[in-house]
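Chain by chain, the residues:
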Amino acid sequence: MARVVKVFRTLRTHWKKSTFAVCVLSYGSHWLYGRHCDNVLRREACLEAREFGRQIIAPNEGLKKATVILNPAACNGKANSLFEKNAAPILHLAGIEITIVKMDYEGQAKKLMDLMEQTDMLIVAGGDGTLQEVVTGLLRRSDQDSFSRTPIGFIPLGSQNALSASLYIRSDSKVKDITSATLSILKGETVPLDVLQIKAETEKPVYGLMSLRWGAFRDVSATVSKYWYLGPLKTIAAHWFHTLREWPLLHDVTVNYLAPTLRPPDLPPYKPPRPNLLHRIIRRLKNYWNPPLEEPPKAEEPEQWEETKLSSVELFIQTHNKNPVERRINDSMMICAESDNFTVGEFITVGKQKHNDPSVLTTNSTKMEASACRLQLPQDTGSFFNIDNEEYEAMPVEIRLLPRKLNFFMSAERRQELLSHTQ
């Protein structure tokens, strides 16, 4: 008992050193526990991947080939280490022949896609920027019709992974997100995603999977990082300072759009049985003596464009890829224009929400569906678009929806979760 009293007396006498030691030990214990949990997740994922590698393949079949486009600069330069520790062992244990192509500079993925040969699967390891470059390079190819059938896997290694929330169940652990995404690629369940084709008059088309954003909220979000020294108040400060420099924050735009197209039913693949030999011989003789008449091609109906003029704080065009398994009647994209009657307080409050989730819309926003649209912007705006969180100079563009253009790997758990939300 005397020894315990002596220890407490010593701790009380040197309370500063004791407090510092407790903080260091607490942080160290928490860090070691986190490392232990990460190692457990890696081990479980590798054991599951090993079962895929033990599957017997037919003698006439070869190993599956995968091309990995890796951006080492993603996640502040940590992407290469994250991929080598968490994703690469799973792919190797599964018996997949992988070819890793590392990017050296921004925009290189678009050029690399021109040189890519046919592969069983394409894996993008990076963030939103890497994925957007790969999709743009893939769909710019002359033979993109055949290459767009290649299933694509997305391993979220970037600081912003907007598409990851649609394909996988998100968690607070970066290791768990990476391993679960890699295992979903091995399981092979895919989902078709829509693509936005954004084309200017003098530029090559750019392709996006999630959204196009233009307006005041986007401009402020791009400057929030400059106020890092204000800590949690940096978002509020950025919006408030922006209102001091410029008010009212209105953007005039003319939108020409086409009505949504009816979505064809999702029919299961069905191959009709082949007729017997006698039936095929009779059909060929009949076509030889009485060849069928060729019908003249039908003239295409002119597109019915409608025009509307908007005065809005922000224009937001998005696909339905946030819930790709939802059954829809039409193939369309959403055109959302925020109201033009914000007060300064409302602008700051809504802007703080949109900084965390740009798809958040107010009750007074204008919404309409379209299969294509043309944006006529004011001249010399000096503003920028955000296409899947990547910045592009704002200019008049035509945006067309390419419905179910690409197939992405998706986890079965996330599919069930999204289906339960739609019911």
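Structure report, in brief. As the structure is a computational prediction, the values presented were derived from the model and not from experiment.

1. Digging into unusual backbone geometry
Part 1 of the argument: Positive phi outside glycine occurs at Asn389, with the angle close to 70°.
Part 2 of the argument: Position of Asn389 relative to the elements: it lies in the loop between β16 (384–387) and β17 (390–393).
Part 3 of the argument: Using a relative accessible area of 32% as the deciding quantity, one classes Asn389 as partly exposed.
Part 4 of the argument: Phi at Arg404 is positive, roughly 50°, even though this residue is not glycine.

2. Some details on the sheet that holds strand β11 (residues 314–318)
Part 1 of the argument: Sheet architecture is open: six strands sit in the order β14-β13-β11-β7-β16-β17, paired in antiparallel fashion. On the outer flanks of this sheet lie β14 (366–370) and β17, each paired with one strand and no other. Between one strand axis and the next, the sheet turns through 20° on average, direction left out of account.
Part 2 of the argument: Inspection of the sheet shows β11 paired to strand β13 (residues 333–337) by four bridges, in the antiparallel sense. Each bridged residue has a counterpart across the sheet, and for Phe316 the counterpart in β13 is Cys336.

3. Considering the packing of aromatic side chains
Part 1 of the argument: A full pass over the atoms with the stated rule returns seven aromatic pairs.
Part 2 of the argument: Site record: aromatic cluster; members linked through ring pairs are Tyr227, Trp228, Tyr229, Trp240 and Phe241.
Part 3 of the argument: Here the basic side chain of Arg141 rests over the ring of Phe147, its NZ or CZ set 3.8 Å away from the ring centre.

4. Describing the side chain of Asp219
Part 1 of the argument: Inspection of the secondary structure puts Asp219 in helix α10 (residues 216–221).
Part 2 of the argument: There is a polar contact of 3.0 Å between the side chain of Asp219 and the side chain of Arg218.

5. A closer look at empty space enclosed by the protein
Part 1 of the argument: In this structure the tally under the stated criterion is one cavity of 30 Å³ or more.
Part 2 of the argument: Reported here for the largest cavity is a volume of approximately 50 Å³.
Part 3 of the argument: Lining the largest cavity are Asp128, Leu131, Gln132, Ala162, Leu163, Leu209, Met210 and Asp388.
Part 4 of the argument: Within the lining of the largest cavity, the residues separate by chemical class into five nonpolar, one polar and two charged.

6. Observations concerning the nonpolar core
A general trend in soluble globular proteins is that nonpolar side chains are found buried together.
Part 1 of the argument: By size, the foremost hydrophobic cluster in this structure holds 31 residues, and its most contacted members are Leu131, Leu163, Leu167, Leu209, Leu406 and Phe408.
Part 2 of the argument: Taken together, the elements giving at least two residues each to this core come down to α5 (108–115), β3 (121–126), α6 (128–139), β4 (152–156), β5 (190–199) and β18 (397–409).
Part 3 of the argument: The element that contributes the greatest number of residues to this core is α6, accounting for five residues.
Part 4 of the argument: Apart from the residues within four sequence positions on either side, Leu209 is in contact with Leu131, Val135, Leu163, Asp194, Val195, Thr319, Asn321, Asp388, Leu406 and Phe408.

7. Focus: the pattern of salt bridges
Part 1 of the argument: A complete count under the given rule lists 17 salt bridges for this structure.
Part 2 of the argument: Arg415 is the partner of Glu189 in a salt bridge, and the nearest nitrogen-oxygen pair spans 2.4 Å. On the criterion of sequence distance, the pair formed by Glu189 in the loop between α9 (174–187) and β5 and Arg415 in helix α14 (residues 412–422) is long-range, its members being 226 residues apart.
Part 3 of the argument: For Glu391, the salt bridge is made with Arg218, and the minimal N-O distance between the two is 3.3 Å. Of the two residues, Glu391 sits in strand β17 while Arg218 sits in helix α10, which places them 173 residues apart along the sequence.
Part 4 of the argument: In this structure Glu391 comes out as partly exposed when scored by relative accessible area, which is 46%.
Part 5 of the argument: In this structure, a network of salt bridges that share partners links the residues Arg213, Glu314, Glu338 and Lys354.

Basis of the calculations
Residues numbered from 1 in each chain as written. Predicted model: local features only at pLDDT ≥ 70, side-chain atom pairs only at ≥ 80, totals over all residues. Heavy atoms only, no water. Helix = DSSP H or I, 4+ residues; strand = E, 2+ residues; numbered from the N terminus. Buried < 20%, exposed > 50% of the residue type's maximum accessible area, 1.4 Å probe, protein only. Pairing = 2+ DSSP bridges. Axes fitted to C-alpha atoms, helices over the stretch in contact; angles between N-to-C directions. Phe/Tyr/Trp six-rings, centres within 6.5 Å; stacked < 30°, edge-to-face > 60°. Lys NZ or Arg CZ within 6 Å of the ring centre and 35° of its normal. Polar contact = N/O pair within 3.5 Å; in protein donor to acceptor, adjacent residues only side chain to side chain. 1 Å grid on protein atoms, 1.4 Å probe; cavity = no way out; pocket = protein on both sides within 12 Å on 5 of 7 lines; lining within 4 Å. Points joined across faces, edges and corners; volume = space filled by probe spheres on them. Nonpolar A, V, L, I, M, F, W, Y, C, P; charged D, E, K, R; others polar. Core = buried A, V, L, I, M, F, W, Y, C linked by side-chain atoms within 4.5 Å. Contact = heavy atoms within 4.5 Å. Salt bridge = Lys/Arg side-chain N within 4 Å of Asp/Glu carboxyl O.

So yeah, pure geometry; function would need other evidence.
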